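Close look at the chain arrangement
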Amino acid sequence: MQVAYVPRQTPYTLSPEDELNDLRMSEKVRPLYDHVKKFIAETVEPMQHEFEIAEAKNPNRWSFSQEQLDLLGKAKAKAKEEGLWNFFLPDAETGEGLNNLDYAYIAIELGKAPLASEVMNCSAPDTGNMEVLERVGTPAQKEKWLKPLLNGEIRSAYVMTEPNVASSDAKNVSTSAVLDGNEWVINGEKYYISGLGDPRCKIMIVMVKTDPTAAPSKQQSQILVPVDTPGVEVIGPMHVFGHDHAPRGHMHMRFNNVRVPKENILLGEGRGFEISQLRLGPGRIHHCMRTIGKAEKALDLMVARGLTREAFGKKIAHLGGNMQIIAQARCEIEAMRLMVLKAAKAMDVLGNKEARVWVSMVKAMVPERACKIIDQAIQMHGATGISQWTPLAEMYTDVRHLRFADGPDEVHWMVVGRHELTL
């Protein structure tokens, strides 16, 4: 007997009245968007070339030379002077006041130039850390740490991942913080702490377990730990595809009876998961936005290579299935772009918590598809594609590691699938 098909009611129907389907940039932000593109082309990209030359001459890989710092400082001062600063804080007095959708358009442009985000003070992990401090920090915490971060004077790190547990499930995080009088005493081991090798990194937000007897979602807290606190041991850099990413690095570290004041806790004991959702919603979206910029740049390089090299009597772009590869890359980029814009719009309309399924969709989809496009661009370049003569190899490793950085793909697919099964 044939079972009658009963269509489900889902939130994904395309309705002209649905606010989620209006993905246009605000008219008031369009001049700022054009200004960012112009600044990247005229200031950031030329400076990037000079920065790379200065980097190659630097004898100490785990520091920045004065020449590098001068180049960055000059570009950052110009960005600040021109009002191109702290775009990422939505509707905040301390930032540009952009909503997530408007920032999505700008962040895609930032992703096309490696130093653009830092020059305009929109780099990870500082963006997520600043948003947390701006929303839940005390006045004293904001004065001491948020203010210099917003001014671009220091860098920060977010410390969560652990080598000895499956920390894709944050309930497994085992680094302990025990209250002793007016101090938290922290012990544990962490790894892949991005940016901690940067000599400008001064403050960490650390995910710890403060009450193993509480409900699973109330056991974790987040605490501010200055990098120079006694007992903070940086063991060395973890490698990503054989690279240590000096000087910023992804560090392996330990907390050995590290003591910080009781008031360094963020929001309150047992509220670590609450802070994570606040932080990782926007943070994941920002990564996806910048990743689309990288995919677009990879396609540009693929097309340029395909039209300027010949083999077997044809342009490379016309050999084998290369034209279809180029066409599919364009389709994938446009699909990713629309998905990310809709996820950003969902955050603006529904709020970060209710938009979680949209965020998980793009976090799982975008790095995976961008990796494929960058890999195809590498193939189109032949051996040059894996060399230092193009940015493609570095772009690939950067995007591939994102499939772990904010949680593995499988976790995000699980969120989407679980939501679909409960509709």
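As the structure is a computational prediction, the values presented were derived from the model and not from experiment.

Some remarks on the nonpolar core
- With 98 residues, the main nonpolar core has F87, V119 and M120 as its most contacted residues.
- The greatest single-element share of this core, amounting to 14 residues, is contributed by helix α9 (residues 356-381).
- Counting residues in hydrophobic clusters, the runner-up holds 20 residues, among them I193, V206, M253 and F255.

Side note on the packing of helix α1 (residues 30-57) against helix α2 (residues 66-81)
- It is the contact of α1 with α2, at a shortest axis distance of 9 Å, that shows an interaxial angle of 165°. Here α1 lies roughly antiparallel to α2, going by the angle between them. The handedness of the crossing between α1 and α2 comes out as left-handed. Contact residues: α1 offers F39, T43, M47, E50, F51, A54, E55 and K57, while α2 offers E67, Q68, L71, L72, A75, K78 and A79.

Some points on α1
- With 28 residues, α1 extends 39 Å from end C-alpha to end C-alpha; this agrees with the ideal 40 Å at 1.5 Å per step.
- The largest bend in α1 is about 40°, located at I40.
- Here α1 has its buried residues at L32, Y33, V36, F39, I40, T43, V44, M47, Q48, F51 and A54.
- Next to the buried residues of α1 lie α2, α3 (100-110) and α4 (116-119).

With respect to the domain arrangement of the protein
- Parsing the protein into structural domains produces domain 1 (21-151), domain 2 (155-266) and domain 3 (273-421).
- Here domain 1 and domain 3 have C-alpha centroids that lie 21 Å from each other.
- Taken together, the contact pairs 25 residues of domain 1 with 22 residues of domain 3.
- Across the interface of domain 1 and domain 3, roughly 2200 Å² is buried in total on both sides, 65% from carbon and sulfur atoms.
- On the domain 1 side of the interface with domain 3, the three residues burying the most area are L23, N100 and I108, jointly 27% of the side's total.
- At the junction of domain 1 and domain 3, the tally comes to 0 salt bridges.
- Inspection of the domain 1/domain 3 interface yields 6 residue pairs in polar contact (both at pLDDT 80 or more).
- Residue assignment for the side of domain 1 that touches domain 3 shows that the elements contributing at least two residues are α3 and α5 (126-136).
- A per-class count over the side of domain 1 that touches domain 3 returns 13 nonpolar, 8 polar and 4 charged.

Re the packing of aromatic side chains
- Under the definition given, this model contains 4 aromatic pairs.
- Geometrically, the ring pair formed by Y33 and Y105 is edge-to-face, given 6.4 Å between the ring centres and 85° between the ring planes. One end of the pair, Y33, is in helix α1; the other, Y105, is in helix α3, with 72 residues separating them in the sequence. We note that Y33, like Y105, is buried.

Concerning the pairing of strand β4 (residues 201-209)
- Of all the 9 residues making up β4, 8 are buried; the element is thus mostly covered by neighbouring parts of the structure.
- Where strand β1 (residues 155-159) meets β4, 5 bridges bridge the pair, whose relative direction is parallel. For R155, the partnering residue across the bridge sits in β4 and is C201.
- Pairing of β4 with strand β5 (residues 220-226) involves 7 bridges; the strand directions are antiparallel. Among the inter-strand pairings, I205 is bridged to a residue of β5, identified as L224.

Here's the deal with the packing of α5 against helix α6 (residues 139-150)
- Viewed as axis vectors pointing N to C, α5 and α6 meet at an angle of 145°, and their least axial separation amounts to 10 Å. In the crossing of α5 with α6, the sense of the turn from one axis to the other is left-handed. In this structure, α5 contributes D126, M130, L133, E134 and V136 to the contact, and α6 contributes Q141, K142, W145, L146, L149 and L150.
- Here the residues of the contact of α5 with α6 sort into 7 nonpolar, 1 polar and 3 charged.

Thoughts on unusual backbone geometry
- Cis geometry is adopted by the peptide bond preceding P125, which originates at A124 and carries an omega value of 0°.
- For P125, the location among the structural elements is in the loop between α4 and α5.
- Here A246 and P247 are connected by a cis peptide whose omega angle stands at 0°.
- Of note in this structure, F312 is not a glycine but carries a positive phi near 55°.
- Overall, the relative accessible area of 82% leaves F312 in the exposed class.

Calculation rules
Residues numbered from 1 in each chain as written. Predicted model: local features only at pLDDT ≥ 70, side-chain atom pairs only at ≥ 80, totals over all residues. Heavy atoms only, no water. Core = buried A, V, L, I, M, F, W, Y, C linked by side-chain atoms within 4.5 Å. Buried < 20%, exposed > 50% of the residue type's maximum accessible area, 1.4 Å probe, protein only. Helix = DSSP H or I, 4+ residues; strand = E, 2+ residues; numbered from the N terminus. Axes fitted to C-alpha atoms, helices over the stretch in contact; angles between N-to-C directions. Parallel < 35°, antiparallel > 145°, perpendicular 65-115°, else oblique. Left-handed = near helix turned anticlockwise from the far one by under 90°. Contact = heavy atoms within 4.5 Å. Expected span 1.5 Å × (residues − 1). Bend = angle between axes of the 7 residues up to and from the residue. Domains from an automatic or database assignment. Buried area = accessible area lost by both parts, 1.4 Å probe. Salt bridge = Lys/Arg side-chain N within 4 Å of Asp/Glu carboxyl O. Polar contact = N/O pair within 3.5 Å; in protein donor to acceptor, adjacent residues only side chain to side chain. Nonpolar A, V, L, I, M, F, W, Y, C, P; charged D, E, K, R; others polar. Phe/Tyr/Trp six-rings, centres within 6.5 Å; stacked < 30°, edge-to-face > 60°. Pairing = 2+ DSSP bridges.

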